[in-house]
Amino acid sequence: MSSSTQDLIPQLNLESTFGALFIGVTIAAILFGITNVQTFIYFQTHRDTERTFYKLVVIGLWILDALHLALIVHCVYYYLVNNYGNIGALTEIVWSFKLQIIIDVVLIYGVHIMYTYRIWIVSRGRSRALPITVVIIIVLVSGPASLPGAYLIRTEWSTFMAFGTIAFVDVVIASSLCYLLATSRTGFSSTDSLLTKLMAYTINTGCVTSIFSIATVIACAAMPRNFIFLGIEFLVTKLYVNSYLALLNARYYFEASADTINSSEYHVHHRVYRPELHVGASRDGELQASRKNMFNHLGDEVVHPTRSDKPQKSTEVTVEMDSFSSV
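## Overview of the overall build of the protein chain
When its secondary structure is counted, the protein chain shows 10 helices and zero strands. Mapped from its N terminus to its C terminus, the protein chain presents α and β elements in the order α-α-α-α-α-α-α-α-α-α. The proportion of buried residues among the 327 residues of the protein chain is 44%. Total accessible area computed for the protein chain in this model is approximately 17,400 Å², and 65% of it derives from carbon and sulfur atoms.

Take a look at the structure:
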């Protein structure tokens, strides 16, 4: 046994090194299960549509996510099973760990590109200054930062640069989407309420990925001699895939929530006959139909709502919703 290996033995803490990797892989497997559920929901709700591009994107994300899970499982298996008791093997980086870094880069920046494409769609009919600015920021900041993370993983600064850049791009994308949503308000309470929900949805998904990216940087800076930051890094890719799939399935989640609320209200009031309640129920039905009509126009074209001069006539409002959930 070499002297370097003997020096490594008293400093090795399995709980904070390979124990952290094992926990990270376990949680990553759970997140991959959620990815499977979201992928199933997407294809079930879009089986009758012609959205071939988005279906191919979902299939590609699922394949890369499955490959990433297989690689990190092999990495942990290599150290904890194949080389059990072989301390010298801990000083080497297995090939599967190096390859999963490349998958990380492809998945994360692929999701960023798809979010940028969403921004481009939302801004249809408006000035293209915002989406072009976002594209320039992502290319200038993300491109150079991804190379050190892929090829100089042994240095701490590469981790700081890569994940700090990822968090910054998340903030830029979430801010851009929220700005476009906020400027799409129509003055109609139902439409504005739906836009508010989408803004909250966008902020929440952006915050989750940003928080874990920043947590990776903090863990690497505070505890550079253990693998806790790598355990967190295993989860970042899964969170990006799930956040984008959740965005594609937003229509399904919103409609399911609305149906649940309407069903609960029906069970509470269905035994009491009141004419005014029947009028209110018909209005609720019209409002629900109007909301579904919004989703049915997703991505076809951007229609800017207008108010009717005659308040007696119902006004049909459509908004550019396909930038947030495809049909």
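## Overview of the confidence of the model for the protein chain
For the protein chain, the mean per-residue pLDDT works out to 74, and 68% of the residues sit at or above 70. Per-residue pLDDT stays below 50 along residues 1-6; that stretch engages in four contacts with residues further than four places along the chain or on separate chains. Note on residues 289-323: pLDDT is under 50 here. Beyond four places in sequence and across chains, it has 63 contacts.

## Thoughts on the packing of helix 4 (residues 95-122) against helix 8 (residues 228-248)
With their axes 10 Å apart at the nearest point, helix 4 and helix 8 run at an angle of 30 degrees to one another. Here helix 4 lies roughly parallel to helix 8, going by the angle between them. Seen along the crossing, helix 4 lies across helix 8 with a hand that is left-handed. In this structure, helix 4 uses F97, Q100, D104, L107, I108, V111, H112, M114, Y115 and R118 to contact helix 8, whose residues at the interface are L230, E233, F234, V236, T237, Y240, V241, S243, Y244, L247 and L248. Tallied by class, residues from the contact of helix 4 with helix 8 come to 14 nonpolar, four polar and three charged.

## Details of the pattern of salt bridges
Applying the stated criterion to the full structure yields one salt bridge. As a salt-bridge pair, D65 and K238 come within 2.8 Å of each other at their nearest N and O atoms. Of this pair, D65 sits in helix 3 (residues 52-82) while K238 is found in helix 8, placing the two residues 173 residues apart along the sequence. The two residues D65 and K238 agree in class, both being buried.

## Some points on the packing of aromatic side chains
Counted under the stated rule, the structure contains eight aromatic pairs. Ring centres of Y42 and F43 lie 5.7 Å apart, and the angle between their planes is 85 degrees; this geometry places the pair in the edge-to-face category. When its relative accessible area of 0% is taken as the criterion, Y42 is described as buried. Taking 5.6 Å as the distance between ring centres and 90 degrees as the angle between the ring planes, the aromatic pair formed by Y115 and Y244 counts as edge-to-face. Residue Y115 is found in helix 4, and its partner Y244 is found in helix 8; the two are separated by 129 residues along the sequence. Y244 carries the same exposure label as Y115, and that label is buried. Here the aromatic cluster, defined as three or more aromatic residues joined through ring pairs, consists of F18, Y78, Y79 and F227.

## Details of the nonpolar core
Grouped together as the largest cluster of nonpolar side chains are 58 residues, with contacts concentrated most on Y54, L61, F97, Y115, I173, Y244 and L248. Of all elements in the fold, only helix 2 (18-45), helix 3, helix 4, helix 5 (129-151), helix 6 (156-182), helix 7 (189-222) and helix 8 reach the threshold of two or more residues within this core. Per-element accounting of this core gives the leading share, 13 residues, to helix 8. The next biggest cluster of nonpolar side chains, apart from the first, holds five residues, and it includes L181, L195, L198 and M199.

What counts and what doesn't
Residues numbered from 1 in each chain as written. Predicted model: local features only at pLDDT ≥ 70, side-chain atom pairs only at ≥ 80, totals over all residues. Heavy atoms only, no water. Helix = DSSP H or I, 4+ residues; strand = E, 2+ residues; numbered from the N terminus. Buried < 20%, exposed > 50% of the residue type's maximum accessible area, 1.4 Å probe, protein only. Areas by Shrake-Rupley, 256 points an atom, 1.4 Å probe, with all protein chains shown as cover. pLDDT = per-residue confidence, 0-100. Contact = heavy atoms within 4.5 Å. Axes fitted to C-alpha atoms, helices over the stretch in contact; angles between N-to-C directions. Parallel < 35°, antiparallel > 145°, perpendicular 65-115°, else oblique. Left-handed = near helix turned anticlockwise from the far one by under 90°. Nonpolar A, V, L, I, M, F, W, Y, C, P; charged D, E, K, R; others polar. Salt bridge = Lys/Arg side-chain N within 4 Å of Asp/Glu carboxyl O. Phe/Tyr/Trp six-rings, centres within 6.5 Å; stacked < 30°, edge-to-face > 60°. Core = buried A, V, L, I, M, F, W, Y, C linked by side-chain atoms within 4.5 Å.

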